[in-house]
Structure formats: C-alpha cells, structure tokens
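Structure assessment
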Amino acid sequence: MTEHLEVERTYDVPEVFTLPDLASLDVVASVDEPREHHLVAEYHDTADRRLMRASTALRRRTGGSDAGWHLKTAVPTGRLEVHRPLGRTAKPPAAVRGLVAARTAGAPLRPLATIETHRTVRVLRGDGGEPLAEVCHDVVTATLPSTENASGVERQWTELEVELVDGSEDLLDEVEPLLLSAGASVSPWPSKLWRALEVTDDTDSPDVDDTAGGVVTAHVAALVDELAGWDAGVRRKVPGSVHKARVAVRRLRSILAAYRRLLDREVTDPVRAELKWMAGLLGDARDDEVLRALLVELLDAQPPDSVRGPARRQLTRHLSARERTHGKELRDALSSERHATLWAALHRLAEEPPLTDKADRDPESELAKAIKKQFRRVDKARDRLAALDPGPGRDTALHELRKAEKRLRYTVEVAVPTYGKPAERMVERCKRFQEYAGELHDDQVALGLLRSIADEAGDDDVFTVGHLHGVLLARIDAAWTEADREIGRLEAPKPRAKLT
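The following paragraphs examine the structure supplied in this document.

Comments concerning the overall build of the protein chain
Helix and strand content of the protein chain: 16 helices and 11 strands. Within the protein chain, the proportion of its 500 residues that are buried is 46%. As displayed, the protein chain has an accessible area near 24,800 Å², and 49% of this comes from carbon and sulfur atoms.

Below you can see the structure in the form of structure tokens.
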C-alpha cells in the first residue's frame, strides 16, 4: 500500500481549451509533451453515502500509471490518498475496507457511480528536471447505475486538474491566473463524484444551535469525526495516532459523563462502556510505546560502567513480547463486529443526539453546573491525596486525582466558546498538572516492568536493572515535588469563580 497527501486544484474549462504557456513561469523550467490515458473509475460507498458525507472517496480505477484501488479521505493531519493494487476481484481489499471502517460502521460497500475519463497529462518540471506538478485535461463521462426508482443517468463535462508532485503550493498560486485568463474557472465541485451525483458542497455555515445541548453536541460531533481520522492512522501505524485516538476516546467518555443532564443516559451510558473497552486497548498499546521510549532513553543516558551484560536485549525482549500481545489484541478489536457496532452508535450520537428536556436551556448556566460538579470531584480527590503518606496508596490517589483533572479539563474545553479566556486558562492549568502527573505515572509503570525483568535476570542484568531502578526512584521523588506544586496552583479560587 502506498499513500501520500494530495494537494490539487480543479477548474472548469470549455470543450475547446488551449493551455497557456506554463513554462513562462519562473519556477517552471520545462513542460513535458502531453501523454494520453483512458481511465475508468468505479466508486464505492454505502447505500446512505456515508463516505461521501465524510468527504471520503473510494474507487477502483483501471488505466493510467496508477491503476488500482484509491482511497481519498480527510485525516486530522490533512487529506490522505491511499493506493492499493487492483487484485483479482472487484471487491475492495480488506486493508482499504479497514481504513474506512470507522466511517462505514459495518454497512456494506457497493458501486455508486462509474466515471470514465479521457485524460491528457503534462508534467511541469523544475531546473533539475524534478516533477513539480501534473496538469491534467479531463474529458469526463459519468454513469449512474439504475435503481428501483430511476433508470441510469449519464453526464459529461470537461475539467482541468493541477496536482502537486514535488512543487510547493506557491506554484498553484502562480499557475491559477494563467489558467483563468485562458478561459478556465474555479470548479465549484469538490470532486468528480460529487459532480456526477450533482451533490453540491454546502459552504454555508449551518445554523448555530446556541442552547446548552447545541454547544455540547457540536463538540461531541467534532470529536467523533476526529476519532474516525485517528482510527485510520492507528491502522496505518502512523506515529502518534494511538495516543491521539486514546485521547479522543477519553474526551468523549468524559463529556458524555459530565453532561448527563443534557444527554439521555440510557443512550450514552452503553456508549461510554464500549468507549472504555476501546480506551483500554489503545491504552495498552500506548503504554508500550511510552515504555520503550522511556527505558531506551534512560539506558542510553547511563554511564558505560553502569550497563553490564545483555541488559538492552533483555529489555527489548520484554517490551517486544508486550507489544506483540497488545498489538494483536488491538488489531483483532479493530476488525471485530463489536468495533463496527460502537462506530454505528457513535455516528447516531453525533447525527441524532439524545437530548433531554434540559438541553434547550441557556448554555452558561448548564455548563457552569457541570463544571462545578467536576471541581467538587477534583477537590475530593485532592483531599484524599493530601491525607496519605508516601507509598503505593498515595501513588494510586495521585492517579485518581489525575483522572479527575482530565475530566475537568475536557468538561471545560466544551465551555471555551461560551466562557472564552477564563476557560482557556483553566484548560492550560489542568494540562500542566497532567504533564507532571503523567510523567510520574509513566516512571512508576516503568519501575514495575523493571521489577518483573529483575525476577528472571542474570547477575549482570540484575546489576543494570537495579541501577535503572534507582535512577527511576530519584526521578519519581523529583516529580512528586513538581506535582505537589501544581496541585497547589489548582486550588486558586479566582479562575474557578469565573467558570461557576
């Protein structure tokens, strides 16, 4: 499977169109002779067009230099295009189906439209002969399949695409005036498929629901969409995706819990339970990533005479075994019926929120009630921590305070559009505490792993593991000092008063 981020612009052109001299641009050294291709693309989607509604396109293309399965989808880092070989059947490959599983939520894919394109391609090159962009002149025929209610439809048009290869977006800005002066116009259609189906891109902002329920559900819908993007990243093993997906899941769980007055618990509680299941799987995988980075960095930082025997190999063996186990559990979950059912529930939650009779109230008063409740949770957790002496019980209490702070932070994040700066400052205050407490927690988990390794280590390994154990204990003592300082800052009454 290959993939890249697609950057292109599309223009409508008349049937007879003469391309301007693009070699006249300073950055373009030459323009290749035109090459012609005959392309046939069959687009697939669910019956209710879930992929289209998520700005995602899945097609099977024959002809040209990039024949195969193409997936174009929005991800949190940009717009992703994935290519996969054609294979032996007309059914989308499992790897591609997996990347859209969060969007389809278990619904089957089926042909949606067939688009036939006679394409003329010219490559714009730089001084070193490198390809900067491709200019594609397309004569398009789209055919829609017959349905029970309508016979097949055929539509035709001509367009021009300019897609970057190794050039910068500045090149697109320079090419556009030449094309417009030659008779082209910026296309109003997001894609060929949307044009074939005559689905317009509604750029008008939707009516803002300024009720308490509207504020919360808008935040939930945005998180569901974000999580779908990270789901694809987890499957592609994009660095950081497991962490981002885990955070999005935690945010959703916290918001559904904090705003129970506005959302029907009979609907949201089962979703929260399934999100907890997914958070656990993502958490195990994320902990493995953190442990490997932490312990390898720690080992590399030690003086040579402190590292004896095959300590690095011993650490790697333990970490790899954990990663294999947790990786398989996560992969199995992502391809399970349970995962598809969860996504169906999340989409329903975003599209048809189960609002209570309190949801149409003023947002400031309702958000304040939820935030005040989370402050009380934090205070109780902090008081429990303050009453304990150093030891395992206090470590557990700090972890509970950290979880309470996270829920407070995610609850306040929903209120940022309503409260502005006071909410932003409280979110930043919570984040600082979580950073210190999180690093301390990571060191404590690493400490437990070292103890497990020591149980089966040889003499030299025991020496190294013991040395690392001592280093971590010192770090944990220092981290407690920083965490205590941040806990004191959380007690400041002024920021609280502005939110409650």
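This is not the end of the story, as more comes after the structure.
Structural notes on helix α8 (residues 265–300)
Structural remark: α-helix, 3.6 residues per turn; residues separated by three or four positions point the same way. Taking 1.5 Å as the rise per residue, α8 with 36 residues should run 52 Å; its terminal C-alpha atoms sit 50 Å apart, in good agreement. Put simply, Asp-264 is the residue that caps the front of α8, since its side-chain oxygen is 3.0 Å from the backbone nitrogen of Glu-266.

Looking at the pairing of strand β5 (residues 57–62)
Bridge analysis of strand β4 (residues 35–45) against β5 gives five bridges, and the strand direction is antiparallel. By the bridge assignment, Ala-41 is partnered in β5 with Arg-61. Note that β5 and strand β6 (residues 68–75) share five bridges and pair antiparallel. Along β6, the bridge assignment pairs Arg-59 with His-70. Joining the antiparallel neighbours β5 and β6 is a turn of five residues, in which Gly-63 adopts a positive phi near 90°.

Focus on empty space enclosed by the protein
In total, this model carries two cavities of 30 Å³ or more according to the counting rule given. Taken as a whole, the largest cavity encloses approximately 90 Å³ of empty space. If you trace the largest cavity, you find it lined by Leu-227, Asp-231, Val-234, Ala-245, Met-278, Leu-282, Leu-334, His-339, Leu-342, Trp-343 and Leu-346. For the lining of the largest cavity, the elements supplying multiple residues, two or more each, are α6 (212–235), α8 and α10 (337–351). The leading source of residues in the lining of the largest cavity is α10, at four residues. Approximately 30 Å³ is the volume attributed to the second largest cavity.

Observations concerning the nonpolar core
By size, the foremost hydrophobic cluster in this structure holds 82 residues, and its most contacted members are Val-216, Tyr-259 and Leu-346. Broken down by element, the residue count for this core peaks at 13 residues, all from α8. Leave out the neighbours within four places in its chain, and Leu-346 touches Val-224, Leu-227, Leu-252, Val-271 and Leu-275. If you look at the next biggest cluster of nonpolar residues, it comprises 18 residues, including Phe-17, Leu-22, Val-28 and Leu-172.

Looking at the pairing of strand β10 (residues 153–164)
Where strand β2 (residues 8–12) and β10 come together, five bridges link them in antiparallel fashion. Looking at β10, one finds that Thr-10 is bridged to Glu-161. Relative to β10, strand β9 (residues 131–144) runs antiparallel, the two being bridged by 12 bridges. Across the sheet, Leu-144 pairs through a bridge with Val-153, a residue of β10.

Focus on the packing of aromatic side chains
Overall, the coordinates contain zero aromatic pairs when judged by the stated rule. Looking at Arg-338, its charged tip hangs above the ring of Trp-277, at a distance of 4.1 Å from the centre.

What counts, and where the lines are drawn
Residues numbered from 1 in each chain as written. Predicted model: local features only at pLDDT ≥ 70, side-chain atom pairs only at ≥ 80, totals over all residues. Heavy atoms only, no water. Helix = DSSP H or I, 4+ residues; strand = E, 2+ residues; numbered from the N terminus. Buried < 20%, exposed > 50% of the residue type's maximum accessible area, 1.4 Å probe, protein only. Areas by Shrake-Rupley, 256 points an atom, 1.4 Å probe, with all protein chains shown as cover. Expected span 1.5 Å × (residues − 1). Polar contact = N/O pair within 3.5 Å; in protein donor to acceptor, adjacent residues only side chain to side chain. Pairing = 2+ DSSP bridges. 1 Å grid on protein atoms, 1.4 Å probe; cavity = no way out; pocket = protein on both sides within 12 Å on 5 of 7 lines; lining within 4 Å. Points joined across faces, edges and corners; volume = space filled by probe spheres on them. Core = buried A, V, L, I, M, F, W, Y, C linked by side-chain atoms within 4.5 Å. Contact = heavy atoms within 4.5 Å. Phe/Tyr/Trp six-rings, centres within 6.5 Å; stacked < 30°, edge-to-face > 60°. Lys NZ or Arg CZ within 6 Å of the ring centre and 35° of its normal.

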